[in-house]
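An overview of the molecular structure
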Amino acid sequence: MRSTVALAALVLRRSDGLPAALRHPAARRIAAVADGAELVADKLPMTPSRLDPPGLAGRMISAGLAAAVLARSAHRAPIPAVLTASAAALAAARICHDARAALARRVPDPAVAVAEDALAIGLAALGSG
């Protein structure tokens, strides 16, 4: 739903699976700023579609990294988690794009975007806990 939210949640919670550099207090601030910047940038009219190749690649990479962190913290092999998360990121990009477009026909787009942000943050908090 959002490229940075899952990885930012893991950094903010200082997940055991993070490399030492990402458990540093400065990393928490950087993650919070990057996540906030994405949430703001998403609302701008010049922001490209999440379905554009650079956006999809970023989502796959971010999801894969978050999955690797979770796998590492659970002492599991990262490759299956990375592949699953990357595929889920692709599917979520399409599903959420279409859902947002459909909802925006009935509800103002900024309200849909904020609801999507809240759902993404809630799911990331749940998944990172």
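One can find the structure itself at the top, above this paragraph.
Attention here is on the structure that accompanies the text. (Residues numbered from 1 in each chain as written. Predicted model: local features only at pLDDT ≥ 70, side-chain atom pairs only at ≥ 80, totals over all residues. Heavy atoms only, no water.)

**Examining the overall build of the chain**
A count of helices and strands for the chain gives 5 helices and 0 strands. Secondary structure elements of the chain, listed N to C terminal, follow the sequence α-α-α-α-α. At 15 Å, the chain has a C-alpha radius of gyration in line with the 14 Å of a compact globule built from 129 residues. Summarising its shape, the C-alpha atoms of the chain cover approximately 45 × 30 × 25 Å along the three principal directions. In the chain, which comprises 129 residues, the proportion classed as buried is 29%. Residue pairs at least 24 apart in sequence account for 68% of intrachain contacts in the chain once pairs closer than 6 positions are excluded. Summed over its atoms, the accessible surface of the chain is roughly 7500 Å², and 72% of this surface lies on carbon and sulfur atoms. Both charge centroids of the chain, one from 15 positive and one from 9 negative side chains, sit 6 Å from each other. (Helix = DSSP H or I, 4+ residues; strand = E, 2+ residues; numbered from the N terminus. Rg over C-alpha atoms; globule rule 2.2 N^0.38 Å. Buried < 20%, exposed > 50% of the residue type's maximum accessible area, 1.4 Å probe, protein only. Contact = heavy atoms within 4.5 Å. Areas by Shrake-Rupley, 256 points an atom, 1.4 Å probe, with all protein chains shown as cover. Lys, Arg positive; Asp, Glu negative; His and termini not counted. Charge placed at Lys NZ, Arg CZ, Asp CG, Glu CD.)

**Focus on the environment of A21**
Topologically, A21 is positioned in the loop between α1 (5-12) and α2 (25-41). Among the residues examined, A21 registers a relative accessible area of 59% and is labelled exposed. Residues A21 and V11, spaced 10 residues apart in sequence, show a C-alpha to C-alpha distance of 10.0 Å.

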